[in-house]
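The residues making up each chain are set out below.
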Protein chains: 2
Amino acid sequence: MIMGRKPSNRPTSFDIAYRAGVSQPTVSRALRGSRSVSAATRERIEAIARELNYSVDKNASSLRSQRSNTIALLFFEEQTLDDSKINPFFLAMLGAITRQCANRGLDLLISFQKLEDDWHVRYQDSHRADGLILLGYGDYTLYRSRLQQLVGQGTDFVRWGSVNDENLGATVGSDNVGAGRMAGEHLLGLGRRRIAFLGQADEHYPEFADRYRGLCEALGAAGIAPDPALLRNAISLEDEGYAAVRALLADGTAFDAVFAASDLIAIGAMRALAEAGLSIPGDVAVMGFDDIPAASMTNPPLTTVMQDLKGAGERLVETLMAQIEDRQRPAETLPARLVIRRSTTG
Amino acid sequence: MIMGRKPSNRPTSFDIAYRAGVSQPTVSRALRGSRSVSAATRERIEAIARELNYSVDKNASSLRSQRSNTIALLFFEEQTLDDSKINPFFLAMLGAITRQCANRGLDLLISFQKLEDDWHVRYQDSHRADGLILLGYGDYTLYRSRLQQLVGQGTDFVRWGSVNDENLGATVGSDNVGAGRMAGEHLLGLGRRRIAFLGQADEHYPEFADRYRGLCEALGAAGIAPDPALLRNAISLEDEGYAAVRALLADGTAFDAVFAASDLIAIGAMRALAEAGLSIPGDVAVMGFDDIPAASMTNPPLTTVMQDLKGAGERLVETLMAQIEDRQRPAETLPARLVIRRSTTG
DNA sequence: AACCGCCATGCAATCGAATGCGGGCCCACC
DNA sequence: GGTGGGCCCGCATTCGATTGCATGGCGGTT
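Residues numbered from 1 in each chain as written. Chains lettered and ligands numbered in written order. Predicted model: local features only at pLDDT ≥ 70, side-chain atom pairs only at ≥ 80, totals over all residues. Heavy atoms only, no water.

K.L.:
For the sheet that holds strand E8 (residues 257-260) of chain A, give the residues involved together with the corresponding values.
P.N.:
Residue and element names in this part refer to chain A. Here we have four strands laid out as an open sheet, ordered E7-E6-E8-E9, and parallel in their pairing. Two strands lie at the open edges of the sheet, namely strand E7 (231-232) and strand E9 (285-287), each paired on one side alone. Summarising the sheet, strand E6 (residues 195-198) and E7 pair through two bridges and their orientation is parallel. Looking across to E7, one finds that Phe197 is bridged to Leu231. Across the sheet, helix H8 (residues 206-221) touches E6, E7 and E8, and the angle it forms with E6 is around 170°. (Pairing = 2+ DSSP bridges. Helix = DSSP H or I, 4+ residues; strand = E, 2+ residues; numbered from the N terminus. Contact = heavy atoms within 4.5 Å. Axes fitted to C-alpha atoms, helices over the stretch in contact; angles between N-to-C directions.)

In structure tokens form, the structure reads like this:
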């Protein structure tokens, strides 16, 4: 293959040095702000660099310093989805992460992975990135082995997820238990007593499990025992919410509220309820989780739980950088808050 | 600042060479598939590389070859928006682009920029990326000067937008004129005659202008002269669509259909219509453009125009790579198609 | 048997910046 | 006046892979 290498007159640090009448290392030091360069020299060098439109060669710099100042953001999903079906919640988080990286002068590499691929290697190995941020809803038991490998090979990474005690790398996540409790209290406060939970609340989906646990705490505090018939599996897809509600209706299980583990599930649930001729929230109140953009556009608009995306982006990047610099950071939990709309309050 | 440089026993190509009993350059050649290495030695080297978990150092490789095999994707917006308000259409395109990059073994850097920042330099300069993909809805007249600078400094880039004859870099875009015509024909076919266009159709937003032109062509073919009172400015925000419809209603301008230049505008328009007690599509049919995820969740679901995201991602990457390798590529236009939902057909 | 040519590989230079170490210079202090 | 100590800066090396050119060996041809 012909690699048309273009003639480039890019100035190097040697060119700057020549014009400034100093040595190349001095240029390097001056531009990185080393204090072993006098202010006068530094300013002269900076002026020339600006004039020549010089910018440090990232590859040479990274090679020598063994620091790429780049982090890789890996999304993964259980299977390859249609592009338009990428989890909107993670896309929203992308904005927060890019902003935080920009603030810190970090470059951000991005990649979508299938859970079963071996995305877990190669990134830090090849010095493309100093560390990884992992985002994804997927069966946790499947991807635990990848995490273990990452830990084993000493890769620096942070993941978004349930903050548990497994200690598989650094973790940042919402306070899902607290959020579940809030949701429960909201529905109970509206007089609902038979609250169906839609989401696979087990070791495969620890975040969902946490949300369910919070709901149970709220029920317990109100003196209500959780009814297993009201717990329905669903992963974060619209169709799963639809199917779960259809099943509930087919069973004849009585319920006056639905707490879905994600907005996508909730939206599917609302569709099934509407088809069944049930009014929302008259017959059944519906809540979701995530506050994706579509949540405010449903009919009626969806009450949901908003996670702190901005904080999440900041914490993820901060925790990762701390780990890279060998300053350990404990797992972090971020508070979430209710967004009350008409799907519960009519 | 202490840069905790970790002791790393990463194997280098020298280690592989030593074990294989060959020289280091031979390892390099073997792993890149040079045909000047015998099959036997290549296989031996590959086996050892696999065993040692070797991966090529990206920085060293890029430094020497002057090729990073990385492209940078720059989103820009007119102003910094709330993270959750990032244009959903571009986020969807992100999926297509990442996939295409993965197929070609390219890394993807991503960054969000304000239109007024000087994002236009530094990326190719610093050898972080071989080329740029530019995505954004913004005032074209503002960002033309950036494009000119990019062209001037010889940066390789492709932008998504209106395919015009300005020749400011390579361009890939939907056939907006054709799509606008289709939309017009659809509405005309439903008996609508007074079609309001919501979108700033001028040199600031060439894509919107193209869509409007297509609409006018359809009107012309039906023997209808476009009414300037039915052309209303709006940029791609929900509030702008809302305001535009409010203005139309306040004017007393008669209209039986709305063709919004984007789904966000259409969603705002529907809100204004609903508030005014008008039925959709009974009183007013509404169409959008983009087919963002929320389009199917509005009430009623929104008829819109779906752009070919997968094709777009492929073409953008392909065109960019062609340009990097000095094989010029003409601008490309992709067909779009109607997605008919109940906001026009009831 | 001498010679040509090609295949496979090695040698050494190279990409551009970062960094350990040594040294000149100036000032202060004894 | 000699000496010690900072402050600034230069020299030489280094990071790890790629690449132009040289070379050794082997088979084939006349």
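K.L.:
Please provide a residue-by-residue account of the protein's contact with DNA strand C, values included.
P.N.:
Close to DNA strand C lie 27 residues; Ser13, Ser28 and Tyr54 of chain A together with Ser23 and Thr26 of chain B are nearest. For DNA strand C, a phosphate oxygen lies 3.0 Å from a polar atom in the side chain of Thr41 of chain B. Between DNA strand C and the protein, one listed contact pairs a base oxygen with a side-chain N or O atom of Arg64 of chain B at 2.9 Å. Among the secondary structure elements, those contributing two or more residues to the surface near DNA strand C are helix H2 (24-31) and helix H4 (58-65) of chain A together with helix H2 (24-31) and helix H4 (58-65) of chain B. If you tally residues by element for the surface near DNA strand C, the top one is H2 of chain A, at four residues. Here the residues of the surface near DNA strand C sort into eight nonpolar, twelve polar and seven charged. (Near = heavy atom within 4 Å. Polar contact = N/O pair within 3.5 Å; in protein donor to acceptor, adjacent residues only side chain to side chain. Nonpolar A, V, L, I, M, F, W, Y, C, P; charged D, E, K, R; others polar.)

K.L.:
I'd like a rundown of the side chain of Thr98 of chain A, residues and numbers included.
P.N.:
Residues and elements named next belong to chain A. Note that Thr98 resides in helix H5 (residues 88-103). Residue classification places Thr98 among the buried residues on the basis of a relative accessible area of 7%. Here Gly95 takes part through its backbone oxygen, which lies 2.8 Å from a polar atom of the side chain of Thr98. (Buried < 20%, exposed > 50% of the residue type's maximum accessible area, 1.4 Å probe, protein only.)

K.L.:
Just give me the short version of the sheet that holds strand E8 (residues 257-260) of chain B, but keep the residues and values in it.
P.N.:
Read across the sheet, four strands follow the order E7-E6-E8-E9 (chain B) without closing on themselves; strand pairing throughout is parallel. Taken across any chain shown, the strands that pair with only one partner, and hence form the sheet edges, are strand E7 (231-232) and strand E9 (285-287) of chain B.

K.L.:
So, the protein's contact with DNA strand D: which residues are in play, and what are the values?
P.N.:
Within the structure, DNA strand D sits among 28 residues, and Thr26 of chain A together with Ser13, Gln24, Ser28 and Arg64 of chain B are positioned closest to it. Backbone atoms, meaning sugar and phosphate, form 59% of the atoms of DNA strand D found within 4 Å of the protein. Interatomic distance of 2.7 Å between a side-chain N/O atom of Ser23 of chain A and a phosphate oxygen of DNA strand D. Within the side chain of Ser13 of chain B, a nitrogen or oxygen atom sits 2.5 Å from a phosphate oxygen of DNA strand D. Those elements that place two or more of their residues in the surface near DNA strand D are H2 and H4 of chain A together with H2 and H4 of chain B. When its residues are assigned to classes, the surface near DNA strand D shows nine nonpolar, twelve polar and seven charged.

K.L.:
How would you explain the pattern of salt bridges if you had to name every residue and give the values?
P.N.:
Tallied over the full model, the rule gives 30 salt bridges over all chains. In this structure, Glu325 of chain A engages Arg67 of chain A in a salt bridge whose closest nitrogen and oxygen atoms are separated by 3.4 Å. Of this pair, Glu325 of chain A sits in the loop between helix H11 (309-324) and strand E11 (332-334) while Arg67 of chain A sits in the loop between H4 and strand E1 (70-77), placing them 258 residues apart in sequence. Judged by its relative accessible area of 11%, Arg67 of chain A is buried. Among the salt bridges present, the one from Arg271 of chain B reaches Asp239 of chain B, with a minimum N-O distance of 3.4 Å. With Arg271 of chain B in helix H10 (residues 263-275) and Asp239 of chain B in helix H9 (residues 238-251), the pair connects residues that are 32 residues apart, well separated along the chain. On the accessibility criterion, Asp239 of chain B (56% relative accessible area) is exposed. Connected through salt bridges with shared partners, the residues Lys58 and Asp107 of chain A together with Arg128 of chain B form a single ionic network. (Salt bridge = Lys/Arg side-chain N within 4 Å of Asp/Glu carboxyl O.)

K.L.:
An account of the domain arrangement of chain A is requested, with residue identities and associated values reported.
P.N.:
By a widespread convention, an interface's size corresponds to the accessible area lost as its parts come together. All names here are of chain A. When the domains of chain A are assigned, the result is domain 1 (13-56), domain 2 (70-174 + 309-333) and domain 3 (176-307 + 339-345). The C-alpha centroid of domain 3 is placed 28 Å from the C-alpha centroid of domain 2. Each side of the interface is counted separately: domain 2 has 14 residues, and domain 3 has 15 residues. A buried area of about 1500 Å², summed over both sides, lies between domain 2 and domain 3, and 54% of it is on carbon and sulfur atoms. (Domains from an automatic or database assignment. Buried area = accessible area lost by both parts, 1.4 Å probe.)

K.L.:
Please give an account of helix H3 (residues 39-52) of chain B that cites residues and values.
P.N.:
In a regular helix each residue adds 1.5 Å, so 14 residues correspond to 20 Å; H3 of chain B covers 20 Å between its end C-alpha atoms and thus fits that length. In this structure, the buried side of H3 of chain B is in contact with helix H1 (13-20) and H2 of chain B. (Expected span 1.5 Å × (residues − 1).)

K.L.:
Can you break down the relation of the copies chain A and chain B residue by residue, with the values?
P.N.:
You can overlay chain A on chain B at an RMSD of 0.0 Å; the transform is a turn of 180° with a shift of 0.0 Å along its axis. In symmetry terms, the pair is related by a two-fold rotation axis. With an isologous cut-off of 70% or more, the 98% of interface residues of chain A that recur at the interface of chain B puts this contact in the isologous class. (Least-squares fit on C-alpha atoms with pLDDT ≥ 70 in both.)

K.L.:
How would you summarise the pairing of strand E4 (residues 157-160) of chain B if you had to cite specific residues and measurements?
P.N.:
Residues and elements named next belong to chain B. With burial as the criterion, each face of E4 is covered, one bearing Phe157 and Arg159 and the other bearing Val158 and Trp160. The β-α-β motif built from strand E3 (residues 131-136), the intervening helix H6 (residues 140-152) and the parallel element E4 has right-handed crossover chirality. Here three bridges tie E4 to strand E5 (residues 170-174), and the two strands are oriented parallel to one another. From the neighbouring strand, Arg159 faces E5, where its bridge partner is Thr171. (Right-handed = clockwise from strand over helix to strand, strands pointing away.)

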